[in-house]
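Listed here are the chains, written in short residue letters.
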Amino acid sequence: MSRTAVVTGAGSGIGRAIAHALAQRDWRVVVTDLDGDAAESVATALPHQDAGHESAALDVTSADAASAVAADVASRLGLHAWVSNAGISFMHRFLDAPVERYEQTMAVNLKGVFVCGQAAAREMVRTGVAGAIVNTASMAGKQGRVPFLSDYVASKFGVVGLTQAMAYELGEHGITVNCVCPGFVETPMQSRELEWEAELRGTTADGVRDMMIADTPLGRLEQPEDVARAVAFLVSEDARFITGEALAVNGGAYMD
Ligand code: NAP
């Protein structure tokens, strides 16, 4: 019988790749996204359709919605892993950054990880499952030397700290909690950031892309699959004694 994983923000980019990587490794995946149609089209394209993949619309900023998805999955299918991946970004100079953007970023990137992790952990404890929770942080969760993303940096440092606090308290239930810290990943989020950064620096999107590659010792843009493989490891039995970790998956773009 398949184990079941829920992935948030999985209608696009890294989340979609995580859903694929887990499905390839015999997980049943519940693909969730703000955009329920996007989630559904990802779910129906996953490998091993006989595993019974599902999709649901889920806005991660809603604690009630996260609890409902977690309870439904735990009761019907068993909840063995939860990947809090949804995230957003905006680029502004710190001096110009609107506080409304800060609030939006924190709501999705940090509150979303808090409420989803709490919902998942409550169900794992209720059903006696020693599951795994993985959060998508960022290399911007380990260093603030990142241009034009001050609110995002604050949210991702928060995710790294929250991951440790969750791991500390949930250890007694056998639940592991880790995060991944990707670098320059080629996704729709990156496409938006290339345009914003080019405008803020007075250069071109290609010029910014070249800077990202030059900053990456492995010499290419990161692919969503690079992150997904690390997440698949963290929810696997191979990672059973790893908890509270913030795993750099960035081609060497930031080493700590
Ligand atoms: P993406 O392609 O924009 O995908 C993010 C997904 O999250 C989208 O499907 C988006 O839906 C969804 N989403 C946005 N707000 C949501 C909400 N309130 N509830 C549920 N889903 C929501 O971005 P990505 O690059 O794959 O990013 C995935 C994660 O990786 C994020 O946490 C991001 O911060 C992190 N990350 C990305 C990079 C990078 O270089 N790309 C680097 C480090 C970390 P809509 O499209 O409908 O808005």
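Scroll up for the structure.
Numbering of residues begins from 1 in every chain and follows the order in which that chain's sequence is written. Local features in this predicted model are restricted to residues of pLDDT 70 or higher, and side-chain atom pairs are both shown and tallied only at a pLDDT of 80 or more, whereas totals for entire chains, interfaces and linings draw on every residue. Think of the side-chain values as coming from all heavy atoms in the structure, minus any hydrogens and water.

> What is the right way to look at the overall build of the protein in this model?
Numbering of helices and strands starts at the N terminus; helices are DSSP runs of H or I of at least 4 residues and strands are runs of E of at least 2. The number of helices and strands found in the protein is eight helices and seven strands. Over its C-alpha atoms the protein spans a radius of gyration of 17 Å, differing by no more than 12% from the 18 Å that the globule rule assigns to 256 residues. In terms of its C-alpha atoms, the protein occupies a principal-axis envelope of roughly 55 × 35 × 35 Å. Counting across all 256 residues of the protein, residues that qualify as buried make up 50%. Any two residues whose heavy atoms approach within 4.5 Å are treated as being in contact. Considering only contacts in the protein between residues 6 or more positions apart, those separated by 24 or more positions represent 71%. Methods summary: accessible areas were calculated by the Shrake-Rupley approach with a probe of 1.4 Å, and residue burial reflects only the protein chains presented. Working note: accessible area of the protein is about 11700 Å², and carbon and sulfur atoms make up 52% of it. If you average the places of the 19 positive and of the 32 negative side-chain charges in the protein, the two averages end up 3 Å apart. What the globule rule says is 2.2 Å times the number of residues to the power 0.38, and the radius of gyration is computed from C-alpha atoms. Burial here depends on accessible area, computed with a 1.4 Å probe over protein chains only, as a share of the maximum for the residue type. Under 20% is buried, over 50% is exposed, and the range in between is partly exposed. Working convention for charge: Lys and Arg count positive, Asp and Glu count negative, and His plus the chain ends are omitted. Here the site of a charge means atom NZ of a Lys, CZ of an Arg, CG of an Asp or CD of a Glu.

> What is the right way to look at the site of the ligand in this model?
Around the ligand sit 28 residues in total, of which Ser12, Asp33, Asn85, Tyr152 and Thr187 are the nearest. In the analysis that follows, any N or O atom pair within 3.5 Å is treated as a polar contact, provided that within protein one partner can donate a hydrogen and the other can accept it, and provided that, for residues neighboring in sequence, both atoms belong to side chains. Separating an oxygen atom of the ligand from a backbone N or O atom of Ile14 is a distance of 2.8 Å. A distance of 3.2 Å separates an oxygen atom of the ligand from a polar atom in the backbone of Gly183. Protein burial of the ligand: of its 890 Å² of free accessible surface, 88% is covered by the chains. For the shell around the ligand, the secondary structure elements donating two or more residues are α1 (13–24), α5 (150–170) and α6 (188–201). No other element matches the three residues that α6 contributes to the shell around the ligand. Residue composition of the shell around the ligand, by class: 14 nonpolar, nine polar and five charged. For this purpose, a residue is taken to be near a molecule or strand whenever a single non-hydrogen atom of the residue falls within 4 Å of it. All amino acids are sorted into three groups, where Ala, Val, Leu, Ile, Met, Phe, Trp, Tyr, Cys and Pro are nonpolar, Asp, Glu, Lys and Arg are charged, and the leftover types, Gly among them, are polar.

> Even after reading the chapter, I still don't get the environment of Glu40, so can you show me in this structure?
By the secondary structure assignment, Glu40 is in helix α2 (residues 36–44). Residues Glu40 and Ala228 lie 188 residues apart in sequence; the distance between their C-alpha atoms is 19 Å.

> Help me out: how do you make sense of the side chain of Arg28 in this one?
One can find Arg28 in strand β2 (residues 27–33). Counted as salt bridges are all cases of a side-chain nitrogen of Lys or Arg within 4 Å of a carboxyl oxygen of Asp or Glu. Buried and unpaired, Arg28 has no salt bridge, with Glu54 as the nearest side chain of opposite charge at 5.6 Å.

> I'm lost on the nonpolar core in this one. Help?
The nonpolar side chains of a soluble globular protein tend to be buried, and buried together. Judged by nonpolar contacts, the single largest core of 36 residues is most densely connected at Val6, Val73, Leu79, Trp82, Ile133, Leu170 and Val177. Counting residues per element, the ones that place at least two in this core are α3 (63–76), α4 (99–127), α5 and β6 (176–182). Here this core takes nine residues from α4, the largest share from any one element. Look past the residues within four positions of Trp82 in its chain and what remains in contact with it is Val6, Thr8, Leu58, Ala66, Val69, Ala70, Cys116, Ala120, Met124, Ala132, Ile133 and Val134. The definition of a nonpolar core used throughout is a set of buried Ala, Val, Leu, Ile, Met, Phe, Trp, Tyr and Cys residues joined through side-chain atoms within 4.5 Å. Of all hydrophobic cores here, the second largest spans 32 residues; its members include Leu22, Val31, Leu46 and Val227.

> I tried to follow α4 on my own but got confused; where do I start?
Because the α-helix completes a turn every 3.6 residues, residues three or four places apart line up on one side. Helix length check: α4, at 29 residues, gives a terminal C-alpha distance of 40 Å against a target of 42 Å (1.5 Å per residue), a fit within 8%. Along its length, α4 reaches its greatest deviation from straightness, about 40°, at Lys111. Of the residues one or two after α4, Gly128 is the one with positive phi, at around 70°. In a helix, the anticipated span is given by 1.5 Å times the number of residues less one. In this analysis the local bend is the angle between axes fitted, respectively, to the seven residues ending at and the seven residues starting at the residue.

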